[in-house]
Amino acid sequence: MSSCSDEAIPGNPIVLGCGQLCLDYLVTVPSFPIPDQKIRSTSFKIQGGGNTGNALTCVARLGLGSRILAKVANDSQGRWMLEELESSGVDTSFCVIAKDGASHFNYVIVDNQTNTRTCIFTPGYPPLLPDDLTESLLLDVLNGVRVLYANGRSREAELLLAQKANSRNISILINTEKRREGLNELLDLADYAVCSTNFPMDWTEAPSSPSALLSMLNKLPKLKFVIMTLGEHGCIMLERCSNEVSESEEEERDINELHESLMQTTDFSSILPVCNSSLVNRLGGNVTGRLVIVTAEKIPSSELMDTTGAGDAFTGALLYGLCTDMASEEMLLFASRVAACCCRGLGARTTLPFRNDPNLVAFLGTRP
């Protein structure tokens, strides 16, 4: 578990992220427009976006070394995105600048009536490719890295980087939103997986979410845990545990029954996130582990501004927890609080918390 002293984080761990950067044009509206309607916005913001940049900004604000490997066009948007990341403490010195092309951008419409957001993504070019990653760059960018974060959007380059990281015993966290070409090869190298609500069942074709999580651990023997995010309903984690744990000698438990029993004993009325964990059980196949349910913070409607980037904030906090050896339950509760902070401002980065945020004192103490 992480220390709450005033000392620096032991070992000065670095998180490296590889993926796409994009520029977000965010607009809030009283309600989503109907076809052929003209409406006025209530607020507007331009901000850097993209899963990787958002998660690494979160990591940097929490006080860890944060490094990104991405490719942007040599245009005003690309330069602006890199400058914003640098101002947040993210090292962009390894990013590749394309002489030609255009940077990715994203229109985000935030509906104040339903508290939802709609994203319209316009891909840029050229993409990050393996040819961009020289041996010397790979050697330097992985130096001192504790955890590599990837999501499969730049699949060939990310796979090459993940293979190098794996050969150096660097932990790998993969964020999976949907099936992508080449994602299976990345998942084979992953130590940790964070999935969207639908991904586990889509990927495994299992009949239920709990059985899908179990199937993922059976199919991916290197995976230590898999987390399925559920938005305002929190998340579920299935964590692999050592066969030597005494509880694992119990009779094999059905994963769906185990999930149902946890659901019945979880306090979903709590305003702050709560964590409910099962004992360690033999769960089928080659998996011995435990199931964990975590609720989300209930944000008052007067404070809920925008859910854009909440999942990236959650992932950034998980990366922090992994680098500082937080216990699993503490890490999940911490990540839920960080994600809730993100939802209180317009855009993915506006209200990402710093490590001295009062909401995080219970986890980080009062360190500057």
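About the cut-offs
- Residues numbered from 1 in each chain as written.
- Predicted model: local features only at pLDDT ≥ 70, side-chain atom pairs only at ≥ 80, totals over all residues.
- Heavy atoms only, no water.
- Helix = DSSP H or I, 4+ residues; strand = E, 2+ residues; numbered from the N terminus.
- Rg over C-alpha atoms; globule rule 2.2 N^0.38 Å.
- Buried < 20%, exposed > 50% of the residue type's maximum accessible area, 1.4 Å probe, protein only.
- Contact = heavy atoms within 4.5 Å.
- Areas by Shrake-Rupley, 256 points an atom, 1.4 Å probe, with all protein chains shown as cover.
- Axes fitted to C-alpha atoms, helices over the stretch in contact; angles between N-to-C directions.
- Parallel < 35°, antiparallel > 145°, perpendicular 65-115°, else oblique.
- Left-handed = near helix turned anticlockwise from the far one by under 90°.
- Nonpolar A, V, L, I, M, F, W, Y, C, P; charged D, E, K, R; others polar.
- Phe/Tyr/Trp six-rings, centres within 6.5 Å; stacked < 30°, edge-to-face > 60°.
- UniProt positions renumbered as here; feature names shortened; annotations may be inferred.
- Salt bridge = Lys/Arg side-chain N within 4 Å of Asp/Glu carboxyl O.
- Pairing = 2+ DSSP bridges.
- pLDDT = per-residue confidence, 0-100.
- Core = buried A, V, L, I, M, F, W, Y, C linked by side-chain atoms within 4.5 Å.
- Patch = residues over 30% accessible without salt bridge, like charges linked within 9 Å, V, L, I, M, F, W, Y side chains within 5 Å.

## Things to note about the overall build of the protein chain
Tallying secondary structure elements over the protein chain gives 11 helices and 17 strands in all. Taken against the 2.2 N^0.38 rule, which gives 21 Å for 368 residues, the C-alpha radius of gyration of the protein chain at 20 Å falls within 12% of a compact globule. On the principal axes, the C-alpha backbone points of the protein chain span a range of 60 × 50 × 45 Å. Out of the 368 residues in the protein chain, the part that is buried amounts to 54%. Across the protein chain, contacts joining residues at least 24 apart in sequence account for 67% of those joining residues at least 6 apart. Accessible surface computed for the protein chain: about 16,400 Å², of which carbon and sulfur atoms make up 50%.

## Let's talk about the packing of helix H7 (residues 209–219) against helix H8 (residues 255–264)
Between two packed helices, what matters for the description is the angle formed by their axes and the separation of those axes. Relative orientation of the contacting elements H7 and H8 amounts to 125°, with a least axis distance of 8 Å. With respect to H8, the element H7 is oriented oblique. Note that H7 runs across H8; the crossing there is right-handed. Facing Pro 210, Ser 211 and Leu 214 of H7, the residues of H8 in contact are Ile 255, Asn 256 and His 259. Looking at the contact of H7 with H8, its residues break down into three nonpolar, three polar and no charged.

## As for the packing of aromatic side chains
Within the structure shown, the criterion is met by seven aromatic pairs. Note on Tyr 25 and Phe 105: the rings are 6.2 Å apart at their centroids and 85° apart in plane angle, and the pair reads as edge-to-face. Taken together, the positions of Tyr 25 in strand S2 (residues 22–29) and Phe 105 in strand S8 (residues 104–111) put the pair 80 residues apart, joining distant regions of the chain. Summarising the aromatic geometry, the rings of Tyr 25 and Tyr 107 are spaced 5.8 Å apart at their centres and angled 40° between planes, so their arrangement reads as tilted. Within this pair, whereas Tyr 25 is found in strand S2, its partner Tyr 107 is found in strand S8, the two being separated by 82 residues in sequence. Every member of this aromatic cluster is reached through a ring pair, and the members are Tyr 25, Phe 105 and Tyr 107.

## Structural notes on the environment of Cys 343
Looking at where Cys 343 falls in the secondary structure, it is placed in the loop between helix H10 (328–342) and helix H11 (361–364). Along the backbone, Cys 343 and Ala 310 are 33 residues apart, and their C-alpha atoms lie at a distance of 6.3 Å. Contacts of Cys 343, omitting those with residues within four sequence positions, involve Ile 299, Glu 303, Leu 304, Met 305, Asp 306, Thr 307, Ala 310 and Thr 351.

## Looking at the UniProt feature "domain: Carbohydrate kinase PfkB" (unreviewed entry) in the protein chain
The UniProt entry lists residues 21–240 and 296–353 under the feature "domain: Carbohydrate kinase PfkB" (unreviewed entry), expressed in the numbering used here. With 30% helix and 32% strand, the stretch residues 21–240 has end C-alpha atoms that lie 33 Å from each other. In residues 296–353, the share of helix is 50% and the share of strand is 0%. The end C-alpha atoms are 17 Å apart.

## Quick word on the pattern of salt bridges
Pairs can form between side chains of opposite charge whenever their charged atoms are close. Enumeration over the complete set of coordinates arrives at 14 salt bridges. For Lys 164, the salt bridge is made with Glu 135, and the minimal N-O distance between the two is 3.3 Å. Of the two residues, Lys 164 sits in helix H4 (residues 155–167) while Glu 135 sits in helix H3 (residues 135–141), which places them 29 residues apart along the sequence. Asp 325 is paired through a salt bridge with Arg 146; the nearest N and O atoms lie 2.8 Å apart. On the criterion of sequence distance, the pair formed by Asp 325 in the loop between helix H9 (310–323) and H10 and Arg 146 in strand S10 (residues 145–150) is long-range, its members being 179 residues apart. Among the residues examined, Asp 325 registers a relative accessible area of 46% and is labelled partly exposed. Members of the salt-bridge network, linked through shared partners, are Glu 297, Glu 303, Arg 337 and Arg 344.

## A few points about the sheet that holds S2
Here we have four strands laid out as an open sheet, ordered S3-S2-S8-S9, and mixed in their pairing. Lying at the two open borders of the sheet, with one neighbouring strand each, are strand S3 (43–49) and strand S9 (116–122). Ignoring strand direction, the axes of neighbouring strands in this sheet form an average angle of 20°. Strand direction decides the pairing type here: S8 and S9, joined by seven bridges, are antiparallel.

## Comments concerning the confidence of the model for the protein chain
Reading predicted coordinates in detail is not appropriate for stretches of low pLDDT. A residue-level look at the protein chain finds 95% of positions with pLDDT of 70 or above and a mean pLDDT of 93. Confidence drops under a pLDDT of 50 for residues 1–7, and excluding neighbours within four residues, the segment shows 18 contacts in the predicted structure.

## As for the nonpolar core
Generally speaking, soluble globular proteins have nonpolar side chains that are buried together. Leu 332 and Phe 334 are the most contacted members of the largest nonpolar core, which has 50 residues in total. Element by element, the count of residues in this core is highest for H9, at eight residues. If we skip the residues at most four places from it in the chain, Phe 334 touches Leu 62, Ala 317, Tyr 320, Met 326, Leu 360, Phe 363 and Leu 364. One finds Leu 128, Val 141, Ala 150 and Ile 255 within the second-largest nonpolar core, a separate group that totals 48 residues.

## What to know about a nonpolar patch on the surface
Nonpolar side chains collect at one region of the surface, where Phe 44, Ile 46 and Trp 80 lie side by side and expose about 300 Å² of accessible area between them. Among the structural elements, Trp 80 can be located in helix H2 (residues 76–87).

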